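Coordinates in review
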Amino acid sequence: MLQVLQGMFLLDTVEYFCHRAMHMNRRLYGIAHATHHSMPMSAELALYNAAAEAGCTGFLIFLTFALTDVGFASFIIVTTLADVKTVWDHSRYSTHHLKHHVQPDCNYEQPFFDVWDRVLGTKATLEEKVSRTKSKAQ
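Residues numbered from 1 in each chain as written. Predicted model: local features only at pLDDT ≥ 70, side-chain atom pairs only at ≥ 80, totals over all residues. Heavy atoms only, no water.

Considering the overall build of the protein chain
If you tally the helices and strands in the protein chain, you get seven helices and zero strands. Reading the protein chain from its N terminus to its C terminus gives the helix and strand order α-α-α-α-α-α-α. For the protein chain, the C-alpha radius of gyration of 15 Å lies close to 14 Å, the compact-globule estimate for 138 residues. Taking the principal axes of its C-alpha atoms as reference, the protein chain extends roughly 50 × 30 × 25 Å. Here the protein chain, with 138 residues, has 38% of them falling under the buried criterion. Taking contacts inside the protein chain between residues at least 6 apart in sequence as the whole, the part at least 24 apart equals 62%. (Helix = DSSP H or I, 4+ residues; strand = E, 2+ residues; numbered from the N terminus. Rg over C-alpha atoms; globule rule 2.2 N^0.38 Å. Buried < 20%, exposed > 50% of the residue type's maximum accessible area, 1.4 Å probe, protein only. Contact = heavy atoms within 4.5 Å.)

In structure tokens:
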């Protein structure tokens, strides 16, 4: 169980920083992540990504797990749970990741926890993002 929790944190860490990097670099966004945001947000399309994003992020996740003491069984459990949670996050029942798809400069967390969003100041509620956007426009 401890390895699964450790794996969840590791996967979240890789996903957060990869996801944020893709949004902060226009070229990287265009090559790797624009495909995901070009589709309407829905559970059915949650894992629809460009090959560049899937390949690079997947490789970094694999490498991170390979360099730690998280076992293969825990890797399988964590990545399976991550896929299920990613589908949930893109369903109409999730609000945290919806905010990211509405205004993509926040809520990079994916898939389990919002630790990095909280620590690095990228977590926002929809109300906060709307009021911040209105303030910038005025």
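Considering the packing of aromatic side chains
Considering all chains together, one arrives at seven aromatic pairs under this definition. With centroids separated by 6.0 Å and ring planes inclined at 35 degrees, the aromatic side chains of phenylalanine 9 and tryptophan 116 adopt a geometry described as tilted. Taken as a pair, phenylalanine 9 in helix α1 (residues 2-24) and tryptophan 116 in helix α6 (residues 115-119) lie far apart in primary sequence, 107 residues in all. Phenylalanine 9 gets classed as partly exposed once you look at its relative accessible area, which sits at 37%. (Phe/Tyr/Trp six-rings, centres within 6.5 Å; stacked < 30°, edge-to-face > 60°.)

Thoughts on the state of the cysteines
Counting across every chain of the model gives zero disulfides. Take cysteine 56: it sits in no disulfide, and the sulfur closest to it among the cysteines is that of cysteine 18, at 8.0 Å. Lacking any disulfide linkage, cysteine 106 is separated from the closest cysteine sulfur, that of cysteine 18, by 19 Å. (Disulfide = S-S within 2.5 Å.)

Re the pattern of salt bridges
Applying the stated criterion to the full structure yields three salt bridges. Arginine 118 is the salt-bridge partner of aspartate 114, the closest N and O atoms lying 2.9 Å from each other. Overall, the relative accessible area of 56% leaves arginine 118 in the exposed class. (Salt bridge = Lys/Arg side-chain N within 4 Å of Asp/Glu carboxyl O.)

Brief notes about the nonpolar core
Counting 15 residues, the largest nonpolar core has Met8, Leu11, Ile61, Phe65, Val78 and Phe112 as the members making the most contacts within it. Listed by contribution, the elements that provide at least two residues to this core are α1, α3 (51-66) and α4 (72-89). Looking at which element gives the most residues to this core, the answer is α1, with seven residues. Excluding anything up to four places from it in sequence, isoleucine 61 contacts Leu11, Val14, Glu15 and Phe75. (Core = buried A, V, L, I, M, F, W, Y, C linked by side-chain atoms within 4.5 Å.)

Some thoughts on the packing of α1 against helix α2 (residues 26-38)
At a minimum axis separation of 7 Å, α1 and α2 run at an interaxial angle of 110 degrees. In terms of orientation, α1 and α2 fall into the roughly perpendicular class. Regarding α1 and α2, the two cross each other, and that crossing is left-handed. Two secondary-structure elements touch here, α1 through His19, Ala21, Met22, His23 and Met24 and α2 through Arg26, Leu28, Tyr29, Ala32, His33 and His37. A class-by-class count of the residues in the contact of α1 with α2 yields six nonpolar, four polar and one charged. (Axes fitted to C-alpha atoms, helices over the stretch in contact; angles between N-to-C directions. Parallel < 35°, antiparallel > 145°, perpendicular 65-115°, else oblique. Left-handed = near helix turned anticlockwise from the far one by under 90°. Nonpolar A, V, L, I, M, F, W, Y, C, P; charged D, E, K, R; others polar.)

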